[in-house]
Amino acid sequence: MKNLPNPNDLEIGDELPNYKTTISRTDIVKYAGAGGDFNPLHHDEEFAKSVGLPSIFAMGLLHGGFLTKVLTDWAGPTSVKRYKIRFIDTVWPNDELSCHAALKSKEIHNSRSLLSFDLSVITQDGRRVLAGEADIELTLQEN
Amino acid sequence: MIDKSMSGKIIAEFDFPIVATKVKEFSLALKNPDPLYTDEAHAISCGYPSTVMPITFPVTFPFHIKMKDAVMDSMKLLGMNEKTSVHGEATFEYKRPVFSNESLKAVMKVGKIFEKSQNSGKTMTLVEIIYEYFDKDNEKVLIFTNLFIEKS
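Because the structure is predicted, anything quoted here is derived from the model rather than measured. (Residues numbered from 1 in each chain as written. Chains lettered and ligands numbered in written order. Predicted model: local features only at pLDDT ≥ 70, side-chain atom pairs only at ≥ 80, totals over all residues. Heavy atoms only, no water.)

What follows covers the interface of chain B and chain A. The partner chain A presents 31 residues to the 30 residues of chain B that form the contact. Taking both sides of the interface into account, the surface hidden between chain B and chain A amounts to around 2,800 Å²; carbon and sulfur atoms contribute 61%. Per-residue buried area on chain B facing chain A is highest for L30(B), K31(B) and I55(B); these three make up 22% of the total on that side. Along the contact surface separating chain B from chain A lie two salt bridges. Residues D27(A) and K31(B) are paired through a salt bridge, measuring 2.8 Å at the closest nitrogen-oxygen approach. Between chain B and chain A we count seven residue pairs in polar contact (both at pLDDT 80 or more) in total. For the side of chain B that touches chain A, the residue count by class is 18 nonpolar, seven polar and five charged. Pairing of strand 2 (residues 80-87) of chain A with strand 2 (residues 85-94) of chain B involves five bridges; the strand directions are antiparallel. (Contact = heavy atoms within 4.5 Å. Buried area = accessible area lost by both parts, 1.4 Å probe. Salt bridge = Lys/Arg side-chain N within 4 Å of Asp/Glu carboxyl O. Polar contact = N/O pair within 3.5 Å; in protein donor to acceptor, adjacent residues only side chain to side chain. Nonpolar A, V, L, I, M, F, W, Y, C, P; charged D, E, K, R; others polar. Pairing = 2+ DSSP bridges. Helix = DSSP H or I, 4+ residues; strand = E, 2+ residues; numbered from the N terminus.)

Below you can see the structure in the form of structure tokens.
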């Protein structure tokens, strides 16, 4: 099993290491194929323009998926108990995204810890395109 | 006009097998090559039963459901106007981790339907579509909730 981090190493307001990536059209098409979201607004340029959009745009769950990496790289892939995301603004091809998680609260009960994080994804021009919250449960490591 | 009597109604029931190659494809599409998602032998050597199902993997339900377009067909069933409706939120709640080679049973149903005032003074209607996933022992292992917003 992956070694779990020690929740005592993290204070309220501390950020986990963030994750940055740029969204390409290929990323969007790959995610459509992997996830099963074939809404033409996400892959058909002519269709997107026909409804008044400047181009196709990314599914919210694509950058919502990128953001999970911030949590699981730190806590491991099996510690996230709740992951809630709100789609605030549109992500376009070539947007540069920065994914963040900051500790909001920490409860320690015996050997188990419940940590809650505020989440956000921000673009290169400072737009907050996604907000959310996550709960992570960890077992305290013995010193 | 959204049919509020639909709240609580089951829309579909379907099998949801967790296939390791699909888990790997999904993880790589999220630019996450962590071998705990992509390499079964590595995951097993680390003490897991197989590769770990990524947190947002339940969104792949369209591959397993019999409806032609699960989201659009559900909106039509509810009487939602797809031109003024947007995907507002997604929530994933896990009772336990899920691994490749498990096969879950899923129930897709309508959750709460409620209204909120917009800053403009107009009203918007919010509709929850809930997916509950059960393991072979019929234990609920996760709940995935989508919130759709129809603006007036």
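Moving on from the coordinates now.
Take the packing of aromatic side chains next. Taken as a whole, this structure holds 13 aromatic pairs over all chains when the rule is applied. On the basis of an interplanar angle of 35° and a centroid distance of 6.3 Å, the ring pair of Y83(A) and F92(B) is categorised as tilted. Residue Y83(A) is found in strand 2, and its partner F92(B) is found in strand 2; the two belong to separate chains. A centroid spacing of 4.6 Å and a plane angle of 5° characterise the contact between F92(B) and F144(B), whose relative ring orientation is stacked. A residue pair is termed long-range when its members are at least 10 positions apart, and F92(B) in strand 2 and F144(B) in strand 5 (residues 140-151) qualify at 52 residues. Comparing F92(B) with F144(B) shows no difference in burial state: the two are buried. An aromatic cluster is defined as three or more aromatic residues linked by ring pairs; in this entry it consists of Y31(A), F16(B), F26(B), F57(B) and Y133(B). The ring of F63(B) carries K22(B) above its face, with NZ or CZ at 4.2 Å from the centroid. Over the aromatic face of F114(B) sits the side chain of K112(B), whose NZ or CZ is 5.8 Å from the ring centroid. (Phe/Tyr/Trp six-rings, centres within 6.5 Å; stacked < 30°, edge-to-face > 60°. Buried < 20%, exposed > 50% of the residue type's maximum accessible area, 1.4 Å probe, protein only. Lys NZ or Arg CZ within 6 Å of the ring centre and 35° of its normal.)

Residues and elements named next belong to chain A. Taken together, the four bridges between strand 1 (residues 19-22) and strand 3 (residues 96-109) define a ladder with antiparallel strand orientation. Pairing of T22 across the sheet is with E96, part of strand 3. Where strand 3 meets strand 4 (residues 112-123), twelve bridges bridge the pair, whose relative direction is antiparallel. Residue C99 lies in a different strand from strand 4, and its bridge partner there is V121. Counted between consecutive antiparallel strands, the loop separating strand 3 from strand 4 contains two residues, among which N110 sits at a positive phi close to 55°.

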